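Okay, here's what each chain looks like letter by letter:
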Amino acid sequence: MGKTERDWSALERERMLRSLAGETVDLLVIGGGITGAGIALDAASRGLRTALVEMQDFAAGTSSRSTKLIHGGLRDLKQLEFKVVAETGRERAVVYENGPHVTTPEWMLLPFYAGGQLGPVTSRLGLTMYDALARVKKSEWHKMLDPDETLAREPLLRRDGLKGGGYYVEYRTDDARLTLEVLKRAVSIGATAVNYAAVMELRYEGARICGALVRDRIGGGEYELRARHIVNATGPWVDGIRELDRSKQGKTLRLTKGVHLVFDGARFPLRQAVYFDTPDGRMAFAIPREGKTYIGTTDTVYAGDPAHPRMEADDLRYLLDAANQMFPSLNLGPGDVESSWAGLRPLIGQPGKNPSEISRKDEIFVSPSGLVSIAGGKLTGYRKMAERIVNLVSRLRAAEGLAALPASRTKTLPVSGGDVGGSAGFEAYVRGQIGAGTQAGLGADEAERLARRYGSNAPRVFALAGESGEFAARHGLPLALAAELRYAVLAEMAATPADFWIRRTGRLYFDRPGVLRWKDAAGAAMAELLGWTAEERGGHDRELERLLAEAVAAAQT
Ligand SMILES: Cc1cc2nc3c(=O)[nH]c(=O)nc-3n(C[C@H](O)[C@H](O)[C@H](O)COP(=O)(O)OP(=O)(O)OC[C@H]3O[C@@H](n4cnc5c(N)ncnc54)[C@H](O)[C@@H]3O)c2cc1C
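Throughout this description, residue numbers start from 1 for each chain and increase along the sequence as written. Owing to the predicted nature of the model, reporting of local features is limited to residues with pLDDT of at least 70; listing and counting of side-chain atom pairs is limited to 80 or more, with chain, interface and lining totals taken over all residues. As a convention, hydrogens and water are excluded, and side-chain values are obtained from all of the structure's heavy atoms.

Known as pLDDT, the predictor's confidence for each residue is given on a scale from 0 to 100. Scored by pLDDT, the protein chain comes out at a mean of 94, with 95% of its residues at no less than 70. In this analysis, two residues are considered to be in contact whenever any of their non-hydrogen atoms come within 4.5 Å of each other. Taken as a whole, residues 1-6 scores under 50 in pLDDT and shows 11 contacts with residues more than four places along the chain or in a different chain.

For the rest of this paragraph, the subject is the site of the ligand. Put simply, a residue is near a molecule or strand once any heavy atom of it comes within 4 Å of that molecule or strand. Thr35, Glu54, Ser63, Leu69 and Thr380 are the nearest of the 38 residues found near the ligand. Each polar contact in these results corresponds to two N or O atoms within 3.5 Å; when the atoms are within protein, one needs to be able to donate a hydrogen and the other to accept it, and residues that are neighboring in sequence are counted only if both atoms are side-chain atoms. At a separation of 3.0 Å, a nitrogen atom of the ligand approaches a polar backbone atom of methionine 55. Each accessible area is a Shrake-Rupley estimate made with a 1.4 Å probe; only the visible protein chains count as cover when residues are assessed. Burial of the ligand by the protein amounts to 96% of the accessible area it has alone, namely 1000 Å². In this description a helix means any DSSP run of H or I spanning at least four residues, a strand means any run of E spanning at least two, and both kinds are numbered starting from the N terminus. Where the shell around the ligand is concerned, the elements lending two or more residues are helix H3 (34-45), strand E8 (197-205), strand E11 (253-264) and strand E16 (337-348). Polar here means any residue other than Ala, Val, Leu, Ile, Met, Phe, Trp, Tyr, Cys and Pro, which are nonpolar, and Asp, Glu, Lys and Arg, which are charged; Gly is therefore polar. Broken down by class, the residue content of the shell around the ligand amounts to 14 nonpolar, 19 polar and five charged.

On to the pattern of salt bridges, then. Close approach of charged atoms allows side chains of opposite charge to pair. Here, a salt bridge means any Lys or Arg side-chain nitrogen found within 4 Å of an Asp or Glu carboxyl oxygen. Following the criterion strictly, the structure yields 53 salt bridges and no others. As a salt-bridge pair, lysine 251 and glutamate 363 come within 2.8 Å of each other at their nearest N and O atoms. Here glutamate 363 lies in strand E17 (residues 363-366) and lysine 251 lies in the loop between helix H9 (238-244) and E11, a separation of 112 residues in the sequence. Here aspartate 541 ties to arginine 537 by a salt bridge, and the two come within 3.2 Å at their closest N and O atoms. Of this pair, aspartate 541 and arginine 537 both sit in helix H20 (residues 534-550), four residues apart, roughly one helical turn.

Turning our eyes to something else, we now look at the nonpolar core. Counting 70 residues, the largest nonpolar core has Tyr168, Tyr275, Phe462, Leu477, Trp501, Leu508 and Met526 as the members making the most contacts within it. For this core, the element with the most residues is helix H16 (residues 479-491), which contributes 10 residues. With near-sequence residues (within four places) excluded, tyrosine 168 lies in contact with Leu74, Glu106, Trp107, Met108, Leu110, Leu127, Tyr130, His142 and Tyr275. Within this scheme, the nonpolar core is defined by two criteria: the residues are buried Ala, Val, Leu, Ile, Met, Phe, Trp, Tyr or Cys, and they are joined through side-chain atoms within 4.5 Å. To sort residues, take the accessible area from a 1.4 Å probe on protein chains only and compare it with the maximum for the residue type: under 20% means buried, over 50% means exposed, and anything in between is partly exposed. Within the second largest apolar cluster, 64 residues are counted, among which are Ala37, Ala40, Leu41 and Val372.

What counts as a ring pair is set by centres within 6.5 Å for rings of Phe, Tyr and Trp (its six-membered ring), and what kind of pair is set by the plane angle: stacked under 30 degrees, edge-to-face over 60, tilted for all other angles. The full count for this structure, using the stated rule, is 15 aromatic pairs. A connected cluster of aromatic rings, assembled from ring pairs, spans Phe263, Phe268, Phe276 and Phe327. A positively charged side chain is recorded as over a ring if its NZ (Lys) or CZ (Arg) lies within 6 Å of the ring centre. The angle to the ring normal must also be within 35 degrees. The cationic tip of arginine 153 hangs over the ring face of tyrosine 167; the distance from NZ or CZ to the ring centre is 4.3 Å. Its guanidinium or amino end placed over the ring of phenylalanine 365, arginine 242 lies 4.1 Å from that ring's centre, counting from NZ or CZ.

A large share of strand E6 (residues 162-173) lies buried, amounting to 10 of its 12 residues. Being paired, for any two strands, means DSSP has found at least two bridges between them. Pairing analysis gives two bridges linking strand E3 (residues 69-70) to E6, with the strands arranged antiparallel. Among the inter-strand pairings, leucine 69 is bridged to a residue of E6, identified as arginine 172. As paired strands, strand E4 (residues 103-113) and E6 are joined by 11 bridges and run antiparallel to one another.

Take helix H13 (residues 444-454) next. Along an α-helix, a turn takes 3.6 residues, which lines up residues three or four apart on a common side. Along H13, the positions that sit buried rather than exposed are Ala447, Leu450, Ala451, Arg453 and Tyr454. Each buried residue of H13 lies within a common arc of 165 degrees when the element is viewed along its axis, so the set occupies one face. Contact partners of the buried residues in H13: helix H8 (175-188), helix H12 (422-439), helix H14 (458-466), H16 and helix H17 (497-504). Positive phi shows up at glycine 455, right after H13, with a value of about 50 degrees. Here the arc refers to the directions that run from the helix axis out to each C-beta atom.

With respect to the helices and strands, alanine 323 occurs in helix H10 (residues 313-326). Excluding its chain neighbours within four sequence positions, the residues that come into contact with alanine 323 are Ile295 and Leu332.

Okay, the environment of glutamate 154 next. Its location among the elements puts glutamate 154 in the loop between helix H7 (147-153) and E6. Classification of glutamate 154 as buried rests on a relative accessible area of 0%. For glutamate 154, the residues in contact, after removing those within four places along its chain, are Leu109, Leu270, Arg271, Gln272, Val274 and Phe327. Of the polar contacts made by the side chain of glutamate 154, one reaches the backbone nitrogen of leucine 156; its length is 3.0 Å. Here the side chain of glutamate 154 touches glutamine 272 through a polar contact of 3.2 Å, landing on its backbone nitrogen.

What follows is about the pairing of strand E9 (residues 208-216). Among the nine residues that make up E9, seven are buried, leaving the element largely enclosed by the rest of the structure. Note: E8 against E9, eight bridges, orientation antiparallel. Residue pairing in the sheet places alanine 197 in a bridge with aspartate 216 of E9. In this sheet, strand E10 (residues 222-232) lies alongside E9 in antiparallel orientation, the contact comprising five bridges. Bridged to alanine 212 within E10 is leucine 225. In this structure, the hairpin formed by E9 and E10 is closed by a connection of five residues, where glycine 220 is found at a positive phi of approximately 90 degrees.

In structure tokens form, the structure reads like this:
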């Protein structure tokens, strides 16, 4: 068993917290979304002793609730954010190379209509600039399509007024799994990352920040952690931590909510990802994935609890209207919604601008106590954001007489599971793994699916399958699911059913029938692995039921 897996088990959470409490780390990262994960990886790979604490599950904030695209942002081009487009556009290729098992190229269709926001000329101009700024490789340069070619690619599109389409490449990802793979790599090179560990208070030596009081939200214990530097990467909660530091002043966050709906592929048989105009002049995505189609997103100011954004009736109506005007033959209704999710954009407030106009650029604040906060940004740019933050930490260290750090190495550092010979080697890698999966007792399809999901960690999942026959039979679980569950708990720190069904497998969004079918058996299996009391099991079951209900609630009222 590799170090990554043994050391990143949900059974080890308390031990990790206890051991952290006994030392002073170089860097404490607060927040286990993609921003914090990226910082932990950059810092650990430059030799810093790094700890990360996350108050919910990893990626349970915005980083499991995005549109799940690694994209350069045509939207940013519209806002004339050329630097953002150039940086994030180029990053797409880097993110893909370092983790081809979590990122896949996806050709995107951009239809344009008479009287629409974009015409053939503006689209061609925009896409040409995009190819140049993002240094898109030649095989992925955009193409312009006439109306017939556009409809041939996606026959569900509205025909009235169709003038043609742009065709260009974006990258599809699994945001939560990307976050986990980044963190697993950080852990494999020495970082410690613990979920359900919330920073409650900050600690100071004189005026300088030096630590935090952390509460274990599962075990109940409290731990004093000490650190030379602390980064606040808490996304929608950034201002909350700045308040604890008494440094919330100047620019502040403005949260906007974005909702996505999921439909079964039989009801919404989209062949092709589409980026389309909404009736109110915004743009939305419709994306096929794993036999489902998802659409999104909304963009509305949000003032509720950042931990529980959810789909409301207005969001549902807005997205159904948008889908029905672009794909009119479908006539989608609330009863067709199979699942949904809602996320919060941690944007930097720009007074006077409406939500869709606010820049997605990240900003960094250093408070008088030395607390470094980062907010805004995107999934796509996580690696560059992390590099900038750790460069800043290096400068702060140098100013204090500590050793400066070597340059960032993450550009060519595969994330966990990404040791598959780069994007060019991935297909061959997957084919080469299928035999090992079938030898462990899995069907060839299952083995392939797992090899695609776990990349170079697939052998470990197959080994668990090989030793899980009795466990699976006892709980009445399919072998593949039993192996994934054990991997999630033992090697990916899944501590609750929601961790497994949402952040480890995405199935609450993309396979609701599967969750309904296996949730009881999987709950019993997790209870055995994690030693839950009947009361604990009841609490976890109720939480999962609540999340299942919320995913469709507005659709059913
Ligand atoms: C609807 C929507 C669609 C999007 N689509 C895309 C897209 O397609 N592509 C793209 O590149 N970007 C997209 N984004 C942006 C992207 O998802 C976010 O920029 C990114 O996920 C933010 O990550 P984060 O780590 O900063 O925040 P989060 O993921 O929210 O992580 C912050 C974490 O901090 C934790 N935390 C808070 N307080 C504490 C505390 N006291 N102690 C410990 N932990 C704490 C939280 O629990 C949380 O998990 C989208 C965003 C939204 C909302």
